[in-house]
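Notes for the structure review
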Amino acid sequence: MGTFNQTAGRLMVALDYPAVDEARKLISLLEGIPCYMKVGMQLYYAGGPDFVRELKSLGYSVFLDLKMHDIPNTVKGGAKSITQLGVDMFNVHAAGGVKMMSAAREGAKEALEINSSLTMPLIIAVTQLTSTNQGMLNGEIGIPGTVEEAVVSYAELSKKAGLDGVVASPLEVSAIKERCGLDFLTVTPGIRPRGSEVGDQSRTLTPGEAIQQGTDYIVVGRPITAAPSPREAAEQIIEEMKLK
Ligand SMILES: O=c1ccn([C@@H]2O[C@H](COP(=O)(O)O)[C@@H](O)[C@H]2O)c(=O)[nH]1
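Being a predicted model, the structure only gives us computed values, none of them experimental. (Residues numbered from 1 in each chain as written. Predicted model: local features only at pLDDT ≥ 70, side-chain atom pairs only at ≥ 80, totals over all residues. Heavy atoms only, no water.)

Thoughts on the overall build of the protein chain
Broken down by element type, the protein chain carries 10 helices and 8 strands. Rg of the C-alpha trace for the protein chain: 17 Å, near the compact-globule value of 18 Å for 244 residues, within the 12% margin. Based on the C-alpha atoms only, the size of the protein chain along its principal axes is roughly 45 × 45 × 30 Å. Every one of the 244 residues in the protein chain was classed for burial, and the buried ones make up 53%. By sequence separation, contacts in the protein chain at least 24 residues apart represent 67% of the contacts at least 6 residues apart. Accessible surface computed for the protein chain: about 11000 Å², of which carbon and sulfur atoms make up 51%. Side chains of the protein chain carry 23 positive and 28 negative charges; the gap between the two charge centres is 3 Å. (Helix = DSSP H or I, 4+ residues; strand = E, 2+ residues; numbered from the N terminus. Rg over C-alpha atoms; globule rule 2.2 N^0.38 Å. Buried < 20%, exposed > 50% of the residue type's maximum accessible area, 1.4 Å probe, protein only. Contact = heavy atoms within 4.5 Å. Areas by Shrake-Rupley, 256 points an atom, 1.4 Å probe, with all protein chains shown as cover. Lys, Arg positive; Asp, Glu negative; His and termini not counted. Charge placed at Lys NZ, Arg CZ, Asp CG, Glu CD.)

Next up, the structure:
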């Protein structure tokens, strides 16, 4: 199991930018604010491993959000390479199944055998994307039942595979914790401070509501990156989290 990093805080900032210079600009605006930095596919495909190493050298905890979903052997190799970057957290899709998720753990462990100075990253699984609504799930995706049932079922699979937690919407946190235990981590995007644009997200709560639901980490992108003052936006979110 990986370790829960209290000092990085419970806010994860999604650095969804097309180029590292834009990400660097935001990072300098947020200097001193306790948060994880989340690198997703847009920035990773632009900045690659070097940018992840740069964030680590600045002292940030890094969540590499590449959502691996492939055959077990390929995911194992991907997890081994990702772990060698020294990231604190990475993820896979729970839809890949138990064998694929366990392979991610094996890959991470192999990286640690090669380099003993590395620590085991937290490995989590995406359940149902927070952009998915009930109609989409039952209609175009073709999965019966409620979104919550689908999310909890994926969470149980992820736990069975030995993962540390899941990505879900804050609306499903209490059901996940009830079924998988309080120490099974929930990382929740779909966070929208009151009055902010919902955009392509479907299952949302405010930062304060998410904390009230018992989530471990909230992931926030555009409400910070597109704000007139990203620093003020981040500070307000942290304040709201503390008040709950
Ligand atoms: O189900 C998921 C999984 C990942 N994400 C990621 O979180 C951030 C959210 O950004 P916002 O701008 O706050 O909407 C983004 O990087 C997504 O790729 C998610 O939203 N939902």
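Let us keep going from here.
Considering the pairing of strand 4 (residues 89–93)
Most of strand 4 sits inside the fold, with 5 of its 5 residues counted as buried. Neither face of strand 4 is exposed, since Met89, Asn91 and His93 on one face and Phe90 and Val92 on the opposite face are all buried. Note: strand 3 (residues 62–68) against strand 4, 3 bridges, orientation parallel. Within the sheet, the bridge partner assigned to Met68 lies in strand 4 and is Val92. Between the parallel pair strand 3 and strand 4, the chain is carried across by helix 3 (residues 72–84), and the sense of this crossover is right-handed. Bridge count between strand 4 and strand 5 (residues 122–126): 5 bridges; the pairing is parallel. Across the sheet, the residue bridging to His93 is Val126, located in strand 5. (Pairing = 2+ DSSP bridges. Right-handed = clockwise from strand over helix to strand, strands pointing away.)

Let's talk about the nonpolar core
Judged by nonpolar contacts, the single largest core of 65 residues is most densely connected at Leu11, Leu15, Leu64 and Phe90. With sequence-adjacent residues up to four places away left out, Leu15 is seen in contact with Leu26, Ile27, Met37, Lys38, Val39, Leu43, Phe51 and Leu55. Within the second largest apolar cluster, 13 residues are counted, among which are Ala14, Leu122, Val126 and Val219. (Core = buried A, V, L, I, M, F, W, Y, C linked by side-chain atoms within 4.5 Å.)

Here we look at the pattern of salt bridges
For the structure shown, the criterion picks out 16 salt bridges. Between Arg24 and Glu54 there is a salt bridge, with the nearest N and O atoms lying 2.7 Å from each other. Of this pair, Arg24 sits in helix 1 (residues 20–29) while Glu54 is found in helix 2 (residues 41–57), placing the two residues 30 residues apart along the sequence. With a relative accessible area of 36%, Arg24 lands in the partly exposed category. Judged by relative accessible area, which is 24%, Glu54 ranks as partly exposed. For Asp65, the salt bridge is made with Lys67, and the minimal N-O distance between the two is 3.0 Å. Owing to a relative accessible area of 6%, Asp65 belongs among the buried residues under this scheme. (Salt bridge = Lys/Arg side-chain N within 4 Å of Asp/Glu carboxyl O.)

Here we look at the site of the ligand
In the vicinity of the ligand lie 16 residues, with Asp16, Lys38, Thr130, Arg192 and Arg222 positioned nearest. At a separation of 2.6 Å, an oxygen atom of the ligand approaches a polar side-chain atom of Asp16. Note that an oxygen atom of the ligand is positioned 2.7 Å from one of the side-chain N or O atoms of Arg222. For the ligand, whose free accessible area comes to 460 Å², the fraction covered by protein is 87%. Taken atom by atom, the bulk of the ligand overlaps the largest pocket. Taken together, the elements giving at least two residues each to the shell around the ligand come down to strand 3, strand 8 (217–220) and helix 9 (222–225). For the shell around the ligand, the residue count by class is 7 nonpolar, 3 polar and 6 charged. (Near = heavy atom within 4 Å. Polar contact = N/O pair within 3.5 Å; in protein donor to acceptor, adjacent residues only side chain to side chain. 1 Å grid on protein atoms, 1.4 Å probe; cavity = no way out; pocket = protein on both sides within 12 Å on 5 of 7 lines; lining within 4 Å. Sits in = over half its atoms within 2 Å of the grid points. Nonpolar A, V, L, I, M, F, W, Y, C, P; charged D, E, K, R; others polar.)

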